[in-house]
Amino acid sequence: QVQLVESGGDLVQTGGSLRLSCTASGRIFGINLMRWYRQAPGKQRELVAAITSRGSTNYADSVKDRFTISRDNAKNTVYLLMNSLKPEDTAVYYCNMLINPGDYRDYDYWGQGTQVTVSS
């Protein structure tokens, strides 16, 4: 069984910074794709950032040049550094990983979510 545990969500003022972390534990042979999603009240969940096993990254236009996704493969951890935060960044942030437990396919796992609130 694989679990993803997130941390780092908080209440910050506009212009502030936060760093989210998400660590996977359990039966893990390899982790392919790591992603951060967010869901604001009344809105659909949206992809914020993604990073491949080789370190290639992709960002939503709304967070480009403000957010940075990174990963530590030795720790099975993905990070999201969020700078210049805006009230519209307020949402529950979820990590998502495609994990190979050793049986020749990837499985999709989600974290429990962490609340980020940006006050104006």
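What counts and how
Residues numbered from 1 in each chain as written. Predicted model: local features only at pLDDT ≥ 70, side-chain atom pairs only at ≥ 80, totals over all residues. Heavy atoms only, no water. Pairing = 2+ DSSP bridges. Helix = DSSP H or I, 4+ residues; strand = E, 2+ residues; numbered from the N terminus. Axes fitted to C-alpha atoms, helices over the stretch in contact; angles between N-to-C directions. Phe/Tyr/Trp six-rings, centres within 6.5 Å; stacked < 30°, edge-to-face > 60°. Lys NZ or Arg CZ within 6 Å of the ring centre and 35° of its normal.

### Focus on the sheet that holds strand E7 (residues 67-72)
Pairing between the strands of a sheet comes from backbone hydrogen bonds, and it takes one of two forms, parallel or antiparallel.
Point 1. A sheet is described by the order of its strands in space; here four strands give the open sequence E1-E3-E8-E7, paired in antiparallel fashion. Where the open sheet ends on each side, the last strands, each with one partner, are strand E1 (2-7) and E7. Neighbour to neighbour, the strand axes of the sheet diverge by 15 degrees on average, direction disregarded.
Point 2. Pairing geometry for strand E3 (residues 18-26) and strand E8 (residues 77-82), over six bridges, is antiparallel. When the sheet's bridge partners are listed, Leu18 is paired in E8 with Met82.

### Details of the packing of aromatic side chains
A ring pair, where both rings are aromatic, is described by two values, the distance of the centres and the angle of the planes.
Point 1. If you walk through the whole model with that rule in mind, you get one aromatic pair.
Point 2. Positioned over the ring face of Trp110 is Arg45, at 4.8 Å from the centre of the ring.

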